[in-house]
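So the chains spell out like this:
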Amino acid sequence: MVAVAAHGQQEDVRQQSSDSAILLQAQPAKVATVQGHNPTKALLLSLIPGAGQIYNGHAWKIPIIYGALGGVGYFVYDNYTNMVAFKKEYLQRVNEGVRSLEGYTNYPDMSIYNMYQSYNKNFQLFVIITAAVYGLNLIDAYVFGHLYDFQIDDDLTLHLGPSVAPMPTFGGYAPSLQLTLRF
């Protein structure tokens, strides 16, 4: 006699032999669930630059991401410090009449103001570029999260070769290129 209980509970299996009854208790079999690759998880992990790429199996992109972020980060810092220095110099010249920025004491006030404006615009531009590089990190992780299981068969070929094409208007043939895609 076999008694089957509801899901998640133990099963009692009773076997009767000719001399004695043996009681066996068996645990229900554990079903392994296969989790697919989750693009949203790759996107959320890439909030830390490079973590989504590791999840997708593209760890080789990490030096590129950090190199790009480091490069634009340097220009953000450099333009910000120069912008602050020229702003301070311009305000000192206008308010106090003091010229203190080394190497720029002979420059007119308008040139100092123009340098401040130039560094300010460059600073803002590189902040936007930094946001764009960070956004590309997010987009890369999300897109390649979707393409994680994408496979291309070996039968897919693209061939470019010479051909002869008919010319209906002139009633002859002309050399041409033929592009063939087989799948």
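The coordinates are above.
Residues numbered from 1 in each chain as written. Predicted model: local features only at pLDDT ≥ 70, side-chain atom pairs only at ≥ 80, totals over all residues. Heavy atoms only, no water.

Enquirer: I tried to follow the overall build of the chain on my own but got confused; where do I start?
Expert: Scanning the chain for helices and strands turns up four helices and five strands. In sequence order, the chain lays out its α and β elements as β-β-β-α-α-α-α-β-β. Counting across all 183 residues of the chain, residues that qualify as buried make up 19%. Partitioning the intrachain contacts of the chain with sequence separation of at least 6 by distance along the chain shows that 40% fall at a separation of at least 24. (Helix = DSSP H or I, 4+ residues; strand = E, 2+ residues; numbered from the N terminus. Buried < 20%, exposed > 50% of the residue type's maximum accessible area, 1.4 Å probe, protein only. Contact = heavy atoms within 4.5 Å.)

Enquirer: Sorry, what's going on with the pattern of salt bridges here?
Expert: Should their charged atoms come close, side chains of opposite charge can pair. Evaluation of the coordinates by the stated rule reveals four salt bridges. Ionic pairing is found between Asp140 and Lys61, a salt bridge with its closest N-O pair at 2.9 Å. With Asp140 in helix α4 (residues 109–146) and Lys61 in the loop between α2 (51–56) and α3 (62–95), the pair connects residues that are 79 residues apart, well separated along the chain. Judged on exposure class, the residue Asp140 and its partner Lys61 are both buried. (Salt bridge = Lys/Arg side-chain N within 4 Å of Asp/Glu carboxyl O.)

Enquirer: Sorry if this is basic, but what is going on with the side chain of Gln92 here?
Expert: With respect to the helices, strands and loops of the structure, Gln92 is situated in helix α3. In this structure the side chain of Gln92 is engaged in a polar contact, spanning 2.6 Å, whose partner is the side chain of Ser100. When sequence neighbours within four positions are dropped, the list of residues in contact with Gln92 reads Gly97, Val98 and Ser100. (Polar contact = N/O pair within 3.5 Å; in protein donor to acceptor, adjacent residues only side chain to side chain.)

Enquirer: Please clarify how α4 should be interpreted in this entry.
Expert: Helical geometry note: an α-helix holds 3.6 residues per turn, so side chains three or four residues apart project in the same direction. Taking 1.5 Å as the rise per residue, α4 with 38 residues should run 56 Å; its terminal C-alpha atoms sit 56 Å apart, in good agreement. Those residues of α4 that sit buried are Ile112, Tyr116, Tyr119, Asn120, Phe123, Phe126, Val133, Asn137, Leu138, Asp140, Ala141 and Gly145. (Expected span 1.5 Å × (residues − 1).)

Enquirer: How should the side chain of Asn79 be read in this particular structure?
Expert: Inspection of the secondary structure assignment puts Asn79 in helix α3. Residue Asn79 is classed as buried on the basis of its relative accessible area of 5%. Filtering out sequence-adjacent residues up to four positions away, Asn79 remains in contact with Tyr119, Asn122, Phe123 and Phe126.

Enquirer: Hey, could you run me through a nonpolar patch on the surface in this one?
Expert: Residues Leu136, Ile139, Val143, Phe144, Leu147 and Phe150 make up a contiguous nonpolar surface patch of roughly 570 Å² in combined accessible area. With respect to the element layout, Leu147 can be found in the loop between α4 and β4 (157–167). Classification of Leu147 as partly exposed rests on a relative accessible area of 42%. (Patch = residues over 30% accessible without salt bridge, like charges linked within 9 Å, V, L, I, M, F, W, Y side chains within 5 Å. Areas by Shrake-Rupley, 256 points an atom, 1.4 Å probe, with all protein chains shown as cover.)

Enquirer: Just checking my understanding: could you explain the nonpolar core for this structure?
Expert: What tends to happen in soluble globular proteins is that the nonpolar side chains get buried as a cluster. The biggest cluster of nonpolar side chains holds 10 residues, and these are Val72, Val76, Met83, Phe86, Leu101, Ile112, Tyr116, Tyr119, Phe123 and Phe126. Of all the elements in the fold, those that place two or more residues in this core are α3 and α4. When sequence neighbours within four positions are dropped, the list of residues in contact with Phe123 reads Val76, Asn79, Tyr80 and Met83. (Core = buried A, V, L, I, M, F, W, Y, C linked by side-chain atoms within 4.5 Å.)

Enquirer: Just to check I follow, could you spell out α3 for this structure?
Expert: If you check α3, its first and last C-alpha atoms are 49 Å apart, about what 34 residues at 1.5 Å a residue would give, namely 50 Å. Residues Ile65, Leu69, Val72, Val76, Asn79, Met83, Phe86, Glu89, Gln92 and Arg93 constitute the buried set of α3. In the stretch just after α3, Gly97 is the one whose phi turns positive, near 75°.

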